[in-house]
Amino acid sequence: MPAADMLASSDEIHTYLVARLNDALRRPGMWGGELGIRLMLDHLLFLERRQEAWDDEQRPWSSARRGPRPV
């Protein structure tokens, strides 16, 4: 077991967050629902240095909500 003053490596943190996200996706109510999942995704994407990935995913959703563009 590592000493208490040592921090987890980035690989250990990544493995931990992926496991927690998988748990949350299987049982969202136990992990805070959509908000809990979003927080885990934010942390995981930050660790992977892909913060813009969530915005890239949401962009088509927001344009679909606005409806078709006028011609």
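It should be noted that the structure appears before, not after, this text.
Summarised in this report is the structure supplied together with it. (Residues numbered from 1 in each chain as written. Predicted model: local features only at pLDDT ≥ 70, side-chain atom pairs only at ≥ 80, totals over all residues. Heavy atoms only, no water.)

1. Quick notes on the overall build of the chain
Then comes step 1: Helices and strands together make up the secondary structure of the chain, namely three helices and zero strands.
Then comes step 2: Secondary structure elements in the chain, listed N-terminal to C-terminal, are α-α-α.
Then comes step 3: Out of the 71 residues in the chain, the part that is buried amounts to 14%.
Then comes step 4: Summed over its atoms, the accessible surface of the chain is roughly 6300 Å², and 58% of this surface lies on carbon and sulfur atoms. (Helix = DSSP H or I, 4+ residues; strand = E, 2+ residues; numbered from the N terminus. Buried < 20%, exposed > 50% of the residue type's maximum accessible area, 1.4 Å probe, protein only. Areas by Shrake-Rupley, 256 points an atom, 1.4 Å probe, with all protein chains shown as cover.)

2. Some points on the packing of helix H1 (residues 10–26) against helix H2 (residues 33–47)
Then comes step 1: Running from amino to carboxyl end, H1 crosses H2 at an angle of 155°, the nearest separation of the two axes being 10 Å. On the basis of the axis angle, H1 is roughly antiparallel to H2. Two packed elements cross with a definite hand, and for H1 against H2 that hand is left-handed. Counting all contacts with H1, which are made through Ser 10, Ile 13, His 14, Leu 17, Val 18, Arg 20, Leu 21, Ala 24 and Leu 25, the residues of H2 involved are Ile 37, Met 40, Leu 41, His 43, Leu 44 and Leu 47.
Then comes step 2: Residues that form the contact of H1 with H2 fall into these classes: eleven nonpolar, three polar and one charged. (Axes fitted to C-alpha atoms, helices over the stretch in contact; angles between N-to-C directions. Parallel < 35°, antiparallel > 145°, perpendicular 65-115°, else oblique. Left-handed = near helix turned anticlockwise from the far one by under 90°. Contact = heavy atoms within 4.5 Å. Nonpolar A, V, L, I, M, F, W, Y, C, P; charged D, E, K, R; others polar.)

3. Things to note about the nonpolar core
Then comes step 1: Residues Leu 17, Leu 21, Ala 24, Ile 37, Met 40 and Leu 44 constitute the largest nonpolar core, which totals six residues.
Then comes step 2: Those elements that provide at least two residues to this core are H1 and H2.
Then comes step 3: Not counting chain neighbours up to four residues away, the residues in contact with Leu 17 comprise His 43, Leu 44 and Leu 47. (Core = buried A, V, L, I, M, F, W, Y, C linked by side-chain atoms within 4.5 Å.)

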